[in-house]
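Single-letter residue listing:
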Amino acid sequence: MPNNWKTYKLSDALEIKYGKDHKKVQDGTIPIYGTGGIMRYGNQALYDKETILIPRKGSLNNIFYLNEPFWSVDTIFWSKINEEVAFPKYLFYNLKVLDFASMDVGSAIPSLTTELLNKIEIDLPSIEEQQSIASILSTIDDKIENNLAINKTLEEMAMALYKHWFVDFGPFQDGEFVESELGLIPKGWEVKRLDEIADFTNGYAFKSGDLQNENDGNSFHIFKMGHIERGGGLKENATKSYINKLKCEKLEKYVLKVGDLLMAMTDMKDNVAILGNTALINENYKYIVNQRVGLIRPKNQLGIDYSFLYLTTNENQFIERLRSQANSGVQVNLSTDAIKSAKMIIGSKEVNIKFNDLVKPLYRNIFQNKIENQTLTQLRDTLLPKLISGEVRLKEFS
């Protein structure tokens, strides 16, 4: 610790408060937080100033910084920050480097207590240095959040265009329509099975003994259903399983490339959230696909590419038709045959090429932003512990 830094108890920097039950929930704009993040919205605020939320039970390292009105339930602490001692955003980053999970005092459920938290010692520089460090880290986080917001907008634009063309047939309303098994469609269009326009492969059943908990620098990430977002999309920081590439020499067809689609083939019966939804891969040779995840690769016939297939497989009407074919038990499962025979409306080759030319650049931008976010995240995670510990000092404070 640098000579001019001081050691404090956490209780010197913040006053920890218990969250409260929120049984009478009404619609509103105030976020209600639990240990997993925003649970729902209400019309009352528990506190409306800068605060840090620390889980009391559950995922103990999932802490939040807030600077807007909120409510927190009783599984998560909130805090009043002593701004004479700690700059709020800096204190958040300081706590981010702590491993709260290692402080677990629970039996059945991971838990923390105020007594334990209050005794934690933290080293703090001057308020001015705290502000400068927080500004650097916040600039990186703000850029990451901005890229995420841009990608969300681009995804919404792509889906809106898809629905306008292939659900509402907006640009083709002046033409002739014909009957099909999926209703009226523009003349010259067709209804096709998925396996007529794409290749489908079940993921590989890896031996549990071959899997690793960490990347040894020469490993594939195992792509599991946990990598698929609700409603479709890629959850990059999901399950952490890896396999050494030397054990995959004969598994080339399962190694994922840009434009590959991955479909969830299994889901929970009582909470069907991702069944049939797909994720779109934006990097070459990072992942290898696990069992119960289907790999879809477009055949590029009729001008159809990954952008059309990704949007189709996450469109509500397609998902409803596909899920109706699932086998139900303790879990709900989609068979290979059900997926391959799933029907979709296909435009003429000319229409498909025009749509692809319009939408594919949106996904290129999305991919680029995701790659940039990976670089920024790595930079932040490298800088964070060094700045917080004083190992790296800002020139004006050295």
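Structure: see above.
The model shown is predicted, which means the values in this text are computed figures rather than measured ones. (Residues numbered from 1 in each chain as written. Predicted model: local features only at pLDDT ≥ 70, side-chain atom pairs only at ≥ 80, totals over all residues. Heavy atoms only, no water.)

## A look at the environment of I140
Note that I140 resides in helix α4 (residues 127-166). Sequence separation between I140 and A45 is 95 residues, and the spatial gap between their C-alpha atoms is 29 Å. Those residues in contact with I140 that lie beyond four places of it in its chain are L376, L379, R380 and L383. (Helix = DSSP H or I, 4+ residues; strand = E, 2+ residues; numbered from the N terminus. Contact = heavy atoms within 4.5 Å.)

## Some details on the pattern of salt bridges
Counted under the stated rule, the structure contains 19 salt bridges. Linking E115 and K119 is a salt bridge whose minimum nitrogen-to-oxygen distance equals 3.6 Å. In this structure, E115 and K119 share a single accessibility class: exposed. When the shortest N-O distance is used, the salt bridge between K343 and E181 registers 2.8 Å. Taken as a pair, K343 in strand β23 (residues 343-346) and E181 in the loop between β10 (177-178) and β11 (185-186) lie far apart in primary sequence, 162 residues in all. Sharing partners across several salt bridges, the network here consists of D141, R380 and D381. (Salt bridge = Lys/Arg side-chain N within 4 Å of Asp/Glu carboxyl O. Buried < 20%, exposed > 50% of the residue type's maximum accessible area, 1.4 Å probe, protein only.)

## A short note on the pairing of strand β4 (residues 37-42)
Pairing of strand β3 (residues 30-34) with β4, which is carried by 5 bridges, proceeds in the antiparallel orientation. Counted as the bridge partner of G34 is G37 from β4. Where β3 folds back onto β4 in an antiparallel hairpin, the turn is made up of 2 residues. (Pairing = 2+ DSSP bridges.)

Any link to function would need more than the numbers given here.
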